[in-house]
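The residues making up each chain are set out below.
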Amino acid sequence: MDYAVARRRMVQQQIVARGIVDPRLIEVMNKVPRHLFVDEGLRGHAYTDGSLPIGHKQTISQPYIVAAMSAALELHGNERVLEIGTGSGYQTAILAMLAKRVYSVERISALAARARKVLDSLQLSNVNIKIADGTTGWKDQAPFDGILVAAGAPDVPEEYLSQLTLGGRLVLPVGGYHQQSLIRITRLADEQFHREELMGCRFVPLIGEAGWSDAEDE
Ligand code: SAH
(Lines give C-alpha, C1' and ligand atoms only; values in the text may rest on other atoms or scores of the structure.)
Protein backbone atom coordinates (compact mmCIF):
# COMPACT_ATOMS: atom_id res chain seq x y z
CA MET A 1 0.00 0.00 0.00
CA ASP A 2 1.26 3.45 -0.92
CA TYR A 3 0.51 5.48 2.22
CA ALA A 4 1.50 8.80 0.67
CA VAL A 5 -1.02 8.33 -2.14
CA ALA A 6 -3.75 7.27 0.32
CA ARG A 7 -2.94 10.31 2.45
CA ARG A 8 -3.19 12.77 -0.42
CA ARG A 9 -6.51 11.24 -1.40
CA MET A 10 -7.71 11.56 2.20
CA VAL A 11 -6.80 15.25 2.25
CA GLN A 12 -8.54 15.98 -1.04
CA GLN A 13 -11.70 13.93 -0.52
CA GLN A 14 -12.28 14.31 3.22
CA ILE A 15 -10.74 17.65 4.11
CA VAL A 16 -10.46 20.01 1.14
CA ALA A 17 -13.79 18.79 -0.28
CA ARG A 18 -15.46 19.69 3.05
CA GLY A 19 -14.26 23.26 2.93
CA ILE A 20 -10.98 23.38 4.87
CA VAL A 21 -8.79 25.94 3.10
CA ASP A 22 -5.89 26.89 5.41
CA PRO A 23 -2.84 26.03 3.26
CA ARG A 24 -0.56 25.43 6.26
CA LEU A 25 -3.03 22.97 7.72
CA ILE A 26 -3.49 21.18 4.40
CA GLU A 27 0.27 20.86 3.99
CA VAL A 28 0.62 19.40 7.47
CA MET A 29 -2.26 16.94 6.96
CA ASN A 30 -0.48 15.84 3.77
CA LYS A 31 2.73 15.24 5.73
CA VAL A 32 1.87 13.53 9.02
CA PRO A 33 1.94 9.72 8.58
CA ARG A 34 -1.35 8.81 10.26
CA HIS A 35 -0.71 5.08 9.72
CA LEU A 36 2.11 5.19 12.29
CA PHE A 37 -0.40 6.23 14.99
CA VAL A 38 -2.51 3.05 14.71
CA ASP A 39 -1.70 -0.63 15.32
CA GLU A 40 0.01 -2.44 12.48
CA GLY A 41 -3.11 -4.47 11.75
CA LEU A 42 -5.11 -1.28 11.12
CA ARG A 43 -2.61 0.58 8.95
CA GLY A 44 -4.50 -0.25 5.77
CA HIS A 45 -7.48 1.68 7.23
CA ALA A 46 -5.50 4.66 8.52
CA TYR A 47 -6.62 7.00 5.73
CA THR A 48 -10.31 6.09 5.74
CA ASP A 49 -13.00 8.59 6.70
CA GLY A 50 -13.57 7.66 10.33
CA SER A 51 -12.19 7.05 13.80
CA LEU A 52 -10.32 3.81 14.63
CA PRO A 53 -9.73 1.92 17.90
CA ILE A 54 -6.39 2.51 19.66
CA GLY A 55 -7.02 0.23 22.67
CA HIS A 56 -8.16 1.07 26.23
CA LYS A 57 -11.66 1.84 24.85
CA GLN A 58 -10.26 4.95 23.09
CA THR A 59 -10.11 6.01 19.44
CA ILE A 60 -7.96 8.03 17.07
CA SER A 61 -10.28 10.80 15.83
CA GLN A 62 -11.59 10.98 12.26
CA PRO A 63 -9.13 12.92 10.04
CA TYR A 64 -11.74 15.55 9.16
CA ILE A 65 -12.49 16.24 12.84
CA VAL A 66 -8.77 16.64 13.56
CA ALA A 67 -8.53 19.11 10.67
CA ALA A 68 -11.69 21.00 11.64
CA MET A 69 -10.61 21.40 15.28
CA SER A 70 -7.11 22.47 14.27
CA ALA A 71 -8.55 24.98 11.78
CA ALA A 72 -10.81 26.40 14.48
CA LEU A 73 -7.76 27.32 16.57
CA GLU A 74 -6.52 29.54 13.68
CA LEU A 75 -2.85 28.91 14.43
CA HIS A 76 -0.06 30.88 12.73
CA GLY A 77 3.03 29.24 14.21
CA ASN A 78 3.91 31.19 17.33
CA GLU A 79 1.32 29.79 19.71
CA ARG A 80 1.49 27.71 22.85
CA VAL A 81 -1.27 25.13 22.68
CA LEU A 82 -2.80 22.87 25.32
CA GLU A 83 -4.28 19.59 24.14
CA ILE A 84 -6.40 17.41 26.39
CA GLY A 85 -6.53 13.72 25.39
CA THR A 86 -3.26 12.83 23.64
CA GLY A 87 -4.65 9.42 22.63
CA SER A 88 -2.66 8.14 19.66
CA GLY A 89 -0.72 11.41 19.38
CA TYR A 90 -1.90 12.06 15.82
CA GLN A 91 -3.67 15.33 16.64
CA THR A 92 -0.68 16.24 18.80
CA ALA A 93 1.63 15.86 15.78
CA ILE A 94 -0.59 18.08 13.64
CA LEU A 95 -0.63 20.76 16.35
CA ALA A 96 3.14 20.46 16.87
CA MET A 97 3.66 21.34 13.21
CA LEU A 98 1.23 24.26 13.32
CA ALA A 99 2.21 25.92 16.61
CA LYS A 100 5.36 26.70 18.60
CA ARG A 101 4.83 24.29 21.48
CA VAL A 102 2.20 21.76 22.47
CA TYR A 103 1.37 20.72 26.02
CA SER A 104 -0.66 17.53 25.90
CA VAL A 105 -2.39 15.76 28.80
CA GLU A 106 -3.48 12.09 28.73
CA ARG A 107 -4.99 10.12 31.62
CA ILE A 108 -4.02 6.65 30.31
CA SER A 109 -0.28 6.18 30.76
CA ALA A 110 0.08 3.39 28.15
CA LEU A 111 -1.40 5.67 25.46
CA ALA A 112 0.82 8.58 26.50
CA ALA A 113 3.90 6.34 26.30
CA ARG A 114 3.01 5.04 22.85
CA ALA A 115 2.24 8.53 21.54
CA ARG A 116 5.55 9.79 22.92
CA LYS A 117 7.43 7.08 21.00
CA VAL A 118 5.78 7.90 17.67
CA LEU A 119 6.25 11.66 18.14
CA ASP A 120 9.92 11.08 18.99
CA SER A 121 10.38 8.91 15.90
CA LEU A 122 9.02 11.83 13.84
CA GLN A 123 11.44 14.16 15.64
CA LEU A 124 8.67 16.39 16.93
CA SER A 125 10.54 17.79 19.90
CA ASN A 126 8.21 20.69 20.75
CA VAL A 127 5.71 18.51 22.63
CA ASN A 128 5.39 18.07 26.41
CA ILE A 129 3.16 15.19 27.50
CA LYS A 130 1.82 14.83 31.04
CA ILE A 131 -0.11 11.88 32.47
CA ALA A 132 -2.89 13.42 34.53
CA ASP A 133 -6.56 14.34 34.68
CA GLY A 134 -6.68 17.10 32.09
CA THR A 135 -10.07 18.49 33.12
CA THR A 136 -8.22 21.04 35.24
CA GLY A 137 -5.93 22.09 32.35
CA TRP A 138 -2.19 22.57 32.97
CA LYS A 139 -1.90 25.44 35.46
CA ASP A 140 1.91 25.58 35.62
CA GLN A 141 2.17 26.22 31.90
CA ALA A 142 -0.88 28.49 31.44
CA PRO A 143 -1.93 30.70 29.74
CA PHE A 144 -2.42 29.12 26.32
CA ASP A 145 -3.22 30.72 22.96
CA GLY A 146 -5.24 27.65 22.06
CA ILE A 147 -6.83 24.79 23.98
CA LEU A 148 -8.09 21.73 22.11
CA VAL A 149 -10.05 19.07 23.96
CA ALA A 150 -10.35 15.70 22.19
CA ALA A 151 -12.93 14.14 24.51
CA GLY A 152 -16.55 15.09 25.18
CA ALA A 153 -17.33 17.12 28.31
CA PRO A 154 -20.73 17.44 30.05
CA ASP A 155 -20.06 21.19 30.54
CA VAL A 156 -17.22 23.59 29.80
CA PRO A 157 -14.62 23.09 32.57
CA GLU A 158 -14.05 26.52 34.19
CA GLU A 159 -10.28 26.06 34.35
CA TYR A 160 -9.98 26.05 30.57
CA LEU A 161 -11.49 29.53 30.35
CA SER A 162 -9.11 30.95 32.94
CA GLN A 163 -6.09 29.33 31.23
CA LEU A 164 -6.70 31.12 27.90
CA THR A 165 -4.74 34.21 26.83
CA LEU A 166 -6.76 37.24 25.71
CA GLY A 167 -7.73 36.39 22.15
CA GLY A 168 -7.07 32.71 22.88
CA ARG A 169 -9.43 30.02 21.59
CA LEU A 170 -10.84 26.92 23.25
CA VAL A 171 -12.28 24.18 21.01
CA LEU A 172 -14.12 21.33 22.70
CA PRO A 173 -17.03 18.92 22.36
CA VAL A 174 -19.77 19.60 24.93
CA GLY A 175 -23.00 17.73 25.52
CA GLY A 176 -24.15 14.16 26.18
CA TYR A 177 -22.12 11.07 26.94
CA HIS A 178 -22.48 9.73 23.39
CA GLN A 179 -23.09 12.84 21.31
CA GLN A 180 -21.91 16.44 21.57
CA SER A 181 -21.65 19.80 19.83
CA LEU A 182 -18.24 21.09 18.89
CA ILE A 183 -17.93 24.51 20.55
CA ARG A 184 -15.40 27.29 20.09
CA ILE A 185 -14.99 29.86 22.85
CA THR A 186 -12.80 32.92 22.28
CA ARG A 187 -11.59 34.99 25.24
CA LEU A 188 -12.24 38.62 24.26
CA ALA A 189 -11.40 40.21 27.62
CA ASP A 190 -10.75 38.98 31.16
CA GLU A 191 -14.34 38.02 31.80
CA GLN A 192 -15.74 38.28 28.29
CA PHE A 193 -16.09 35.21 26.09
CA HIS A 194 -17.59 34.64 22.64
CA ARG A 195 -19.17 31.20 22.10
CA GLU A 196 -19.87 29.57 18.73
CA GLU A 197 -21.31 26.20 17.85
CA LEU A 198 -19.35 24.62 14.98
CA MET A 199 -20.94 21.22 14.31
CA GLY A 200 -22.32 18.05 15.81
CA CYS A 201 -19.78 15.39 16.80
CA ARG A 202 -19.20 12.12 18.72
CA PHE A 203 -16.23 11.85 21.02
CA VAL A 204 -15.22 9.43 23.75
CA PRO A 205 -16.00 10.89 27.20
CA LEU A 206 -13.75 13.34 29.04
CA ILE A 207 -13.29 11.55 32.35
CA GLY A 208 -12.19 13.36 35.50
CA GLU A 209 -12.86 15.98 38.14
CA ALA A 210 -14.61 18.45 35.80
CA GLY A 211 -15.78 15.78 33.34
CA TRP A 212 -17.68 12.51 33.52
CA SER A 213 -17.06 10.12 36.38
CA ASP A 214 -15.20 6.86 35.78
CA ALA A 215 -18.28 4.87 36.81
CA GLU A 216 -20.27 6.22 33.88
CA ASP A 217 -17.63 4.68 31.64
CA GLU A 218 -18.71 1.11 32.48
N1 SAH B 1 -6.95 13.23 19.32
C2 SAH B 1 -6.77 11.90 19.86
C3 SAH B 1 -8.07 11.50 20.47
C4 SAH B 1 -7.96 10.40 21.43
S5 SAH B 1 -9.50 9.92 22.18
C6 SAH B 1 -6.40 10.99 18.71
O7 SAH B 1 -6.80 11.29 17.59
O8 SAH B 1 -5.74 9.98 18.93
C9 SAH B 1 -9.53 10.95 23.59
C10 SAH B 1 -8.45 10.74 24.61
O11 SAH B 1 -8.78 11.53 25.73
C12 SAH B 1 -8.34 9.29 25.12
O13 SAH B 1 -7.02 8.86 24.93
C14 SAH B 1 -8.67 9.43 26.61
O15 SAH B 1 -7.93 8.56 27.44
C16 SAH B 1 -8.32 10.87 26.89
N17 SAH B 1 -8.97 11.46 28.06
C18 SAH B 1 -10.25 11.33 28.49
N19 SAH B 1 -10.44 12.06 29.60
C20 SAH B 1 -9.26 12.67 29.88
C21 SAH B 1 -8.81 13.56 30.91
N22 SAH B 1 -9.62 13.98 31.89
N23 SAH B 1 -7.54 13.99 30.88
C24 SAH B 1 -6.69 13.58 29.91
N25 SAH B 1 -7.05 12.74 28.91
C26 SAH B 1 -8.32 12.30 28.89
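Residues numbered from 1 in each chain as written. Predicted model: local features only at pLDDT ≥ 70, side-chain atom pairs only at ≥ 80, totals over all residues. Heavy atoms only, no water.

Draft legend 1. Structural view of the packing of helix α1 (residues 3-16) against helix α2 (residues 23-31). At a closest axis distance of 8 Å, the pairing of α1 and α2 adopts a crossing angle of 140°. The angle between the axes of α1 and α2 places the two elements in the oblique class. In this structure, α1 meets α2 at a crossing whose hand is right-handed. Here R7, R8, M10, V11, I15 and V16 of α1 lie close against α2, whose contacting residues are I26, M29, N30 and K31. (Axes fitted to C-alpha atoms, helices over the stretch in contact; angles between N-to-C directions. Helix = DSSP H or I, 4+ residues; strand = E, 2+ residues; numbered from the N terminus. Parallel < 35°, antiparallel > 145°, perpendicular 65-115°, else oblique. Left-handed = near helix turned anticlockwise from the far one by under 90°. Contact = heavy atoms within 4.5 Å.)

Draft legend 2. Examining the site of the ligand more closely. Contacts to the ligand come from 25 residues, most closely from S61, S88, E106, G134 and I207. In the model, a nitrogen atom of the ligand is placed 3.3 Å from a nitrogen or oxygen of the R107 main chain. Computed on the free molecule, the ligand has an accessible area of 570 Å², of which 99% lies beneath the protein chains in the complex. Looking at the shell around the ligand, the elements that each hand over two or more residues are β2 (58-60) and β4 (101-106). Considering every element that reaches the shell around the ligand, the biggest residue donor is β2, with 3 residues. For the shell around the ligand, the per-class residue count stands at 12 nonpolar, 10 polar and 3 charged. (Near = heavy atom within 4 Å. Polar contact = N/O pair within 3.5 Å; in protein donor to acceptor, adjacent residues only side chain to side chain. Areas by Shrake-Rupley, 256 points an atom, 1.4 Å probe, with all protein chains shown as cover. Nonpolar A, V, L, I, M, F, W, Y, C, P; charged D, E, K, R; others polar.)

Draft legend 3. Structural context of the environment of T165. By the secondary structure assignment, T165 is in strand β7 (residues 164-175). In this structure T165 comes out as buried when scored by relative accessible area, which is 18%. Between the C-alpha atom of T165 and that of T186, which follows or precedes it by 21 residues, the distance is 9.3 Å. Within the structure, the side chain of T165 is placed 3.4 Å from the side chain of D145, a separation counted as a polar contact. (Buried < 20%, exposed > 50% of the residue type's maximum accessible area, 1.4 Å probe, protein only.)

Draft legend 4. Examining the pairing of strand β5 (residues 127-131) more closely. In this structure, β4 lies alongside β5, joined through 5 bridges in parallel fashion. Bridge pairing in β5 links E106 to I131. Handedness of the β-α-β unit built from β4, helix α5 (residues 109-121) and β5 comes out right-handed. (Pairing = 2+ DSSP bridges. Right-handed = clockwise from strand over helix to strand, strands pointing away.)

Draft legend 5. Region of interest: the side chain of S104. Here S104 is to be found in strand β4. Within the structure, the side chain of S104 is placed 2.6 Å from the side chain of E83, a separation counted as a polar contact. Ignoring anything within four residues of it in the chain, the contact list for S104 reads E83, T86, T92, N128, I129, K130 and W138.

Draft legend 6. View of the pattern of salt bridges. Per the counting criterion, the structure on display carries 10 salt bridges. Linking E74 and R184 is a salt bridge whose minimum nitrogen-to-oxygen distance equals 3.0 Å. In this pair, E74 sits in the loop between α3 (63-73) and β3 (80-84) while R184 sits in strand β8 (residues 180-189), placing the two residues 110 residues apart along the sequence. A residue is classified by how much of its surface remains accessible, and E74, at 36% relative accessible area, is partly exposed. R184 sits in the buried class, given a relative accessible area of 12%. One connected set of salt bridges, linked through shared partners, spans E74, R169, R184 and E196. (Salt bridge = Lys/Arg side-chain N within 4 Å of Asp/Glu carboxyl O.)

By themselves, these are just geometric observations and shouldn't be taken as functional.
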